[in-house]
Amino acid sequence: MSDTFQNNHREAENLARDLRRKGIRDERVLAAIGKVPRHLFIDEGLREYAYLDKPLPIEKGQTISQPYTVAYQSELLKLKPGEKVLEIGTGSGYQAAILCEMGADVYSIERYKELYLTAKKRLNKLGYSPNLFFGDGYEGLPEHAPFDKILVTAAPDEIPEKLLRQLRVGGWMVLPLGGRMGQKMTVIKRVSEEKFSESEHGDFIFVPMQKGTEE
């Protein structure tokens, strides 16, 4: 095992310990954070910041979320191994890797063709095999529904109705809901075919969720 590999692994484990101190309690989330090499999901020029608890820029004016935010959203999912999860906004692929490490059956959709292609190559190289799609997150993946859980990694102004319909009864969606000035992390549970319950879990800032795709 190379010194570089050991150092990277140590940095990821230190990040997980930092997130534990900040209140993340799900051991499977922390184990995944401690294993996924975050530096491989960003530009090499930002390597020194890879394991700090801060968001970083990626291509197409997007960001790789702050690790605490990734961990917090993942914790709210309360994932069980084998659950079918739809992620809206693949981005760098880091969140998808975390979900894969947690044993989820991951379906992820990205509206930017460049990000989709880069994430697919990166995740496959690292040995992760999520089902990745280039498309409009507002449409979801109805042909693969229903999903046990849905995770939205960009902020819509309103709850995307089509995504609600792709949840199984008993499943739930985690999303940052609100405008550009800030959002409430929201959990929406599908109680029955027509009934949903909603709860809020703190303030966050995400990039806006956009409709359509971009080649």
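Reference entry: report on the structure contained in this document.

Thresholds, definitions, all that
Residues numbered from 1 in each chain as written. Predicted model: local features only at pLDDT ≥ 70, side-chain atom pairs only at ≥ 80, totals over all residues. Heavy atoms only, no water. Phe/Tyr/Trp six-rings, centres within 6.5 Å; stacked < 30°, edge-to-face > 60°. Helix = DSSP H or I, 4+ residues; strand = E, 2+ residues; numbered from the N terminus. Buried < 20%, exposed > 50% of the residue type's maximum accessible area, 1.4 Å probe, protein only. Pairing = 2+ DSSP bridges. Axes fitted to C-alpha atoms, helices over the stretch in contact; angles between N-to-C directions. Contact = heavy atoms within 4.5 Å. Lys, Arg positive; Asp, Glu negative; His and termini not counted. Salt bridge = Lys/Arg side-chain N within 4 Å of Asp/Glu carboxyl O.

**Quick word on the packing of aromatic side chains**
Okay, so step 1: Summed over all chains, the structure comprises 7 aromatic pairs.
Okay, so step 2: Aromatic pair Tyr-116 and Phe-134: ring centres 6.2 Å apart, planes at 35°, arrangement tilted. Pair noted here: Tyr-116 is in helix H5 (residues 113-125) and Phe-134 is in strand S5 (residues 131-134), with a separation of 18 residues, a long-range link.
Okay, so step 3: For Tyr-116, a relative accessible area of 12% translates into the label buried.
Okay, so step 4: You can call Phe-134 partly exposed: its relative accessible area is 25%.
Okay, so step 5: Here Phe-204 and Phe-206 contribute two aromatic rings whose centre-to-centre distance is 6.5 Å and whose plane-to-plane angle is 55°, an arrangement assigned as tilted. Here Phe-204 matches Phe-206 in class, with each residue buried.

**Structural notes on the sheet that holds strand S7 (residues 167-177)**
Okay, so step 1: Reading across from one edge, S5-S4-S3-S6-S7-S8-S9 is the order of the 7 strands in this open sheet, with mixed pairing throughout. Sheet topology places S5 and strand S9 (196-204) at the edges, where each strand pairs with a single neighbour. Mean inter-strand twist for the sheet, computed between neighbouring axes without regard to direction, equals 15°.
Okay, so step 2: Looking at chain direction, strand S6 (residues 147-152) and S7 are connected through 4 bridges and run parallel. Across the sheet, residue Phe-147 finds its bridge partner in S7, namely Leu-167.
Okay, so step 3: Against the sheet, helix H3 (residues 67-77) makes contact with S6, S7, strand S8 (183-190) and S9, and its axis sits at roughly 160° relative to S7, the strand it touches most.

**Focus: the side chain of Arg-122**
Okay, so step 1: With respect to the secondary-structure elements, Arg-122 resides in helix H5.
Okay, so step 2: At 5.1 Å, Glu-59 is the nearest oppositely charged side chain to Arg-122, a buried residue that forms no salt bridge.

These figures come from the coordinates and say nothing about function on their own.
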